[in-house]
Amino acid sequence: MTDSALGTRHIPTQGSEPELVQLLTPEGQRVEHPTYSLQISDDELRGLYRDLVLVRRVDAEATALQRQGELGIWASLLGQEAAQVGSGRAMAEDDYAFPTYREHGVAWCRGIDPLNLLGLFRGVNHGGWDPDEKNFHLYTIVIGAQTLHATGYAMGMQKDGAESAVIAYFGDGATSQGDVNEAFIYASVFNAPVVFFCQNNQWAISEPIEKQTRIPLYQRAMGFGFPGVRVDGNDVLAVLAVTRAALQKAREGSGPTLIEAYTYRMGAHTTSDDPTRYRLTHELESWKLKDPIERVKAYLVRTGKADQAYFDALEREADGLAAHVRRGCLEMPDPDPLSIFDHVYAERHPLLEEEREQFAAYLETFDAVDAHDAGDR
Amino acid sequence: MATVTLAKAVTMGLRAAMEADPKVLVMGEDVGKLGGVFRVTDGLQKDFGEDRVIDTPLAESGIIGTAIGLALRGYRPVCEIQFDGFVYPAFDQIVSQLAKMRARALGKVSLPVVVRIPVGGGIGAVEHHSESNEAYFAHTAGLRVVACSNPVDAYFMTQQAIASDDPVILYEPKRRYWEKADLDESLTLEQAAPLHSARVLRSGTDATVIAYGPMVKTAMEAATAAAEEGKELEVIDLRSLSPLDTGTLEASARKTGRVVVVHEAPGFLGMGSELAARITETCFFSLEAPVLRVTGFDTPYPPSRLEEEYLPDLDRLLDAVDRSLAY
């Protein structure tokens, strides 16, 4: 028996380049991969580029809004646009996504208005969009918890005989969570149609990937009994191809796949974080050379698939979207205080009814004072 | 009419719910071929198949987490947690996800998930198999928490919990699994008492004893003993721990003026604390004595050779009644 038959794999030593699926180099050169091919029209290519640009623009606007005090916090996706757009666009309409709190690019691909995302970060709600409308679940903040929901949902699809699949998003830090490991086990044992999409952005707040794992993350899948693949997470074409294949495999009843999208969190963990305390500038500089958007632009320009008029029009569209996000955020009303009691239960709950009534009566005493004061003026 | 044990009554309740609604699933560790360690799911997998009665991997967070996903897909999972002390690995999924997801979604999703937990001590078990952890869940907004004490309630409350569009924690008193009662299966759910109602089991005038789950039997025995001494105790089976049927409780407190709460769980911040506070707030001028609590001690559950000392019994309950009457 050979080493490979025994499942022995080469484990890259620290510092070596990871093996990953790539279809578009950082310099914008189209390359082929023996396993993953992609036929894509010029329109589709320009569409992906548009997604990348618009998603980054929304992100920049949200960061600015936070700095101006309009959002409590923002979790930037800067640097991860290709991982999110590539995987988001790989989904079919009936597929279902379970995001973390950073999947703004996936939300965009599913047709969620970015203002819905801002509501959470502004503090007017905890999410609140209808998950079933776009098959995009609410943001989950507890790290990794959603991977089990995704797996359960996929088990349900399987029971329904549906030809669809679920994609579960999480990060490199989440792979240390019990829930993620349990999700791998449940998905494997029940052969659930779920794709585990891990964006390894190298950092879990301040902790580098070495604090989470001693082996490349995609290799973990082998131990759970399903395939794992590492893809260049900054290559939207490769992510699209790899995710499409994994989703199709899941829909056909061949079970889960772990995709490790190898990428980089170019910004802070959130607007409350200060990465200068734990990482060096040169690391960021080296990843800037692998920017997910620049390489597509270089390819479009070099091959003549897009001209200056296209880029100008896209910039105007991005400006318009940013204005929509800004205006919508500023106009977002604070919720009614009594809405605290809404939606906690589906059925009547006497304690909440009592508390609501008492709180309403209490609030009315202020109305009475206000009316009195107004009468004085 | 059939004479059934409490465990069998839960089985019958599960079976009725599964027959009524093909979306109802049963899932947990050993619930399939074995029929559960207490045999509560006995025969269900044989009749409903592995697709609806699911032997899960040995991971409680996974049971609840995947149940949430199944519920989002339109199923009504009934999860079995094998023993009370094994629910903690699923605590985050229950408290942070199951309980809160509906509010997070502004009501756009419902999670009709039932979590069945065999609860309490008295069976001579090793550590982690005798706990009473209801206060954690009763404290959590978004959950409903109920406790059955007898076979008839077990049969109906199981079905009512499954029919609820909210997540329900259903506590089954494990040392009463083998208690028997006559069950009339021809009664419908509509004829049963509402899920969140308390029940006055025995009417009395001298003091009220509030109990739930395994302690209901103890409370009834205490009332019998007290009657022999000429004291008439009113016994209330709380049944619903969250929300509370405050109307029934307050009416009894106003009538007798003396209330003793009994439960196996530790006293500090237990159900008795909330009941005492509530009754004091609303019935202050009707009370002749402070609301007293008879509970497990604020220690870890002891080794089984000491559990008879730890668990409230008839004598400790009557001692508290005497103290209440002495005011």
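Note that the structure is a prediction, hence the values are computed from the model and not measured. (Residues numbered from 1 in each chain as written. Chains lettered and ligands numbered in written order. Predicted model: local features only at pLDDT ≥ 70, side-chain atom pairs only at ≥ 80, totals over all residues. Heavy atoms only, no water.)

Observations regarding the interface of chain A and chain B
Thinking step 1. Contacts between the two partners involve 40 residues from chain A and, on the opposite side, 47 residues from chain B.
Thinking step 2. When chain A packs against chain B, close to 3400 Å² is buried across both sides, 58% of that on carbon and sulfur atoms.
Thinking step 3. A salt bridge links Lys-23 of chain B to Asp-160 of chain A, with the nearest nitrogen and oxygen atoms 3.8 Å apart.
Thinking step 4. At the surface where chain A touches chain B, the tally comes to 26 residue pairs in polar contact (both at pLDDT 80 or more).
Thinking step 5. Residue assignment for the side of chain A that touches chain B shows that the elements contributing at least two residues are α6 (145–160), α7 (178–189) and α13 (350–376) of chain A.
Thinking step 6. At 11 residues, α6 of chain A tops the list of elements feeding residues into the side of chain A that touches chain B.
Thinking step 7. Its residues assigned to classes, the side of chain A that touches chain B comprises 20 nonpolar, 12 polar and 8 charged. (Contact = heavy atoms within 4.5 Å. Buried area = accessible area lost by both parts, 1.4 Å probe. Salt bridge = Lys/Arg side-chain N within 4 Å of Asp/Glu carboxyl O. Polar contact = N/O pair within 3.5 Å; in protein donor to acceptor, adjacent residues only side chain to side chain. Helix = DSSP H or I, 4+ residues; strand = E, 2+ residues; numbered from the N terminus. Nonpolar A, V, L, I, M, F, W, Y, C, P; charged D, E, K, R; others polar.)

Focus: the sheet that holds strand β13 (residues 259–266) of chain B
Sheet strands associate in pairs through backbone hydrogen bonding, adopting either a parallel or an antiparallel arrangement.
All names here are of chain B.
Thinking step 1. Pairing is mixed in the open sheet, where 5 strands are placed in the order β9-β11-β10-β13-β14. The open sheet terminates on both sides in strands that have one partner only, identified here as β9 (199–202) and β14 (292–296). Taking each pair of neighbouring strands and ignoring which way they run, the sheet shows an average axis angle of 25 degrees.
Thinking step 2. Pairing analysis gives 5 bridges linking strand β10 (residues 207–211) to strand β11 (residues 233–237), with the strands arranged parallel. From the neighbouring strand, Val-209 faces β11, where its bridge partner is Val-235.
Thinking step 3. Running at roughly 165 degrees to β14, helix α12 (residues 314–325) makes contact with β10, β11, β13 and β14 of the sheet. (Pairing = 2+ DSSP bridges. Axes fitted to C-alpha atoms, helices over the stretch in contact; angles between N-to-C directions.)

A word on the pattern of salt bridges
Thinking step 1. According to the stated counting rule, one finds 38 salt bridges over all chains in the structure shown.
Thinking step 2. Taking the shortest distance from any N to any O, the salt bridge between Glu-250 of chain B and Arg-278 of chain B comes out at 3.2 Å. Of this pair, Glu-250 of chain B sits in helix α9 (residues 246–256) while Arg-278 of chain B sits in helix α10 (residues 271–283), and the two are 28 residues apart along the sequence. Across the pair, exposure class does not vary: Glu-250 of chain B and Arg-278 of chain B are buried alike.
Thinking step 3. Residues joined by salt bridges that share partners form a network here, namely Arg-56, Glu-81 and Asp-291 of chain A. (Buried < 20%, exposed > 50% of the residue type's maximum accessible area, 1.4 Å probe, protein only.)

Considering the side chain of Thr-270 of chain A
Thinking step 1. The topology assignment puts Thr-270 of chain A in the loop between β7 (257–262) and α10 (281–288).
Thinking step 2. Other than its neighbours up to four places away in sequence, Thr-270 of chain A contacts Ile-73, Trp-74 and Ala-75 of chain A.

A few points about the pairing of strand β4 (residues 76–80) of chain B
Residue and element names in this part refer to chain B.
Thinking step 1. Where burial is concerned, most of β4 is hidden: 5 out of the 5 residues are buried.
Thinking step 2. Burial of the side chains of β4 extends over both faces: Arg-76, Val-78 and Glu-80 are buried on one face and Pro-77 and Cys-79 on the other.
Thinking step 3. As defined by bridge partners, strand β2 (residues 24–28) adjoins β4 across 5 bridges and the pair is classed as parallel. Within β4, the position partnered with Val-24 by the bridge is Arg-76.

Some remarks on the packing of aromatic side chains
Aromatic ring pairs: the centre-centre distance and the angle between the two ring planes describe each pair.
Thinking step 1. Under the defined criterion, the tally for this structure stands at 38 aromatic pairs over all chains.
Thinking step 2. A connected cluster of aromatic rings, assembled from ring pairs, spans Trp-74, Phe-121, Trp-129, Phe-136 and Tyr-139 of chain A.
Thinking step 3. Taking the ring centre of Tyr-75 of chain B as reference, the NZ or CZ of Lys-23 of chain B above it sits at 4.4 Å. (Phe/Tyr/Trp six-rings, centres within 6.5 Å; stacked < 30°, edge-to-face > 60°. Lys NZ or Arg CZ within 6 Å of the ring centre and 35° of its normal.)

Focus: the environment of Arg-104 of chain B
Thinking step 1. Tracing the backbone through its elements, the reader meets Arg-104 of chain B in helix α5 (residues 101–104).
Thinking step 2. Given a relative accessible area of 12%, Arg-104 of chain B falls into the buried group.
Thinking step 3. For Arg-104 of chain B, the residues in contact, after removing those within four places along its chain, are His-126, Gly-127, Gly-128, Leu-138 and Tyr-139 of chain A together with Ser-96 and Gln-97 of chain B.
Thinking step 4. In this structure the side chain of Arg-104 of chain B is engaged in a polar contact, spanning 3.0 Å, whose partner is the side chain of Gln-97 of chain B.

Section: helix α3 (residues 60–72) of chain B
Residues and elements named next belong to chain B.
Thinking step 1. In a regular helix each residue adds 1.5 Å, so 13 residues correspond to 18 Å; α3 covers 19 Å between its end C-alpha atoms and thus fits that length.
Thinking step 2. Extensive coverage of α3 is indicated by the burial of 13 of its 13 residues.
Thinking step 3. With its phi angle positive at about 110 degrees, Gly-74 sits one or two positions after the end of α3. (Expected span 1.5 Å × (residues − 1).)

Describing the packing of helix α1 (residues 42–67) of chain A against helix α11 (residues 294–303) of chain A
Residue and element names in this part refer to chain A.
Thinking step 1. Where α1 contacts α11, the axes come no closer than 10 Å and their chain directions differ by 145 degrees. The element α1 and its partner α11 pack so that their crossing is left-handed. Mapping the contact onto sequence places Leu-45, Arg-46, Tyr-49 and Leu-52 in α1 and Val-296, Lys-297, Tyr-299 and Leu-300 in α11.
Thinking step 2. Of the residues assigned to the contact of α1 with α11, the class counts are 6 nonpolar, no polar and 2 charged. (Left-handed = near helix turned anticlockwise from the far one by under 90°.)

Observations regarding the confidence of the model for chain A
Caution is warranted with low-pLDDT regions, since their predicted coordinates should not be read in detail.
Thinking step 1. Of the residues in chain A, 94% reach a pLDDT of 70 or more, and the chain-wide mean stands at 94.
Thinking step 2. Low confidence marks residues 1–14 of chain A, where pLDDT is under 50. Its contacts with residues over four positions away, or in another chain, come to 14 contacts. (pLDDT = per-residue confidence, 0-100.)

So, unusual backbone geometry
Thinking step 1. A cis amide bond links Ser-242 of chain B to the next residue, Pro-243 of chain B, at an omega of -5 degrees.
Thinking step 2. Tracing the chain through its elements places Pro-243 of chain B in the loop between β12 (240–242) and α9.
Thinking step 3. Positive phi outside glycine occurs at His-343 of chain A, with the angle close to 70 degrees.
Thinking step 4. For His-343 of chain A, the position within the fold is in the loop between α12 (308–331) and α13.
Thinking step 5. A residue is classified by how much of its surface remains accessible, and His-343 of chain A, at 32% relative accessible area, is partly exposed.

Digging into the sheet that holds strand β7 (residues 168–173) of chain B
All names here are of chain B.
Thinking step 1. Taking strand neighbours across the sheet as the criterion, the 7 strands line up as β3-β2-β4-β5-β7-β6-β12 in an open arrangement whose pairing is mixed. Each edge of the open sheet carries a strand with a single partner, namely β3 (53–55) and β12. The mean angle between the axes of side-by-side strands here comes to 20 degrees, regardless of whether they run parallel or antiparallel.

Observations concerning the domain arrangement of chain B
Residues and elements named next belong to chain B.
Thinking step 1. What the domain assignment lists for chain B is domain 1 (2–191) and domain 2 (199–326).
Thinking step 2. Just the C-alpha atoms count here: the centres of domain 1 and domain 2 sit 26 Å apart.
Thinking step 3. Taken together, the contact between domain 1 and domain 2 spans 25 residues of the former and 25 residues of the latter.
Thinking step 4. Of the roughly 1900 Å² buried where domain 1 meets domain 2, counting both sides, 49% is carbon and sulfur surface.
Thinking step 5. At the boundary of domain 1 with domain 2, the tally comes to 4 salt bridges. (Domains from an automatic or database assignment.)

Looking at the environment of Leu-247 of chain A
Residues and elements named next belong to chain A.
Thinking step 1. Looking at where Leu-247 falls in the secondary structure, it is placed in helix α9 (residues 236–251).
Thinking step 2. A relative accessible area of 0% places Leu-247 in the buried class.
Thinking step 3. As a C-alpha pair, Leu-247 and Asp-172 span 75 residues in sequence and 21 Å in three-dimensional space.
Thinking step 4. Those residues in contact with Leu-247 that lie beyond four places of it in its chain are Ala-90, Met-91, Asp-95, Ala-165, Val-166, Ile-167 and Val-195.

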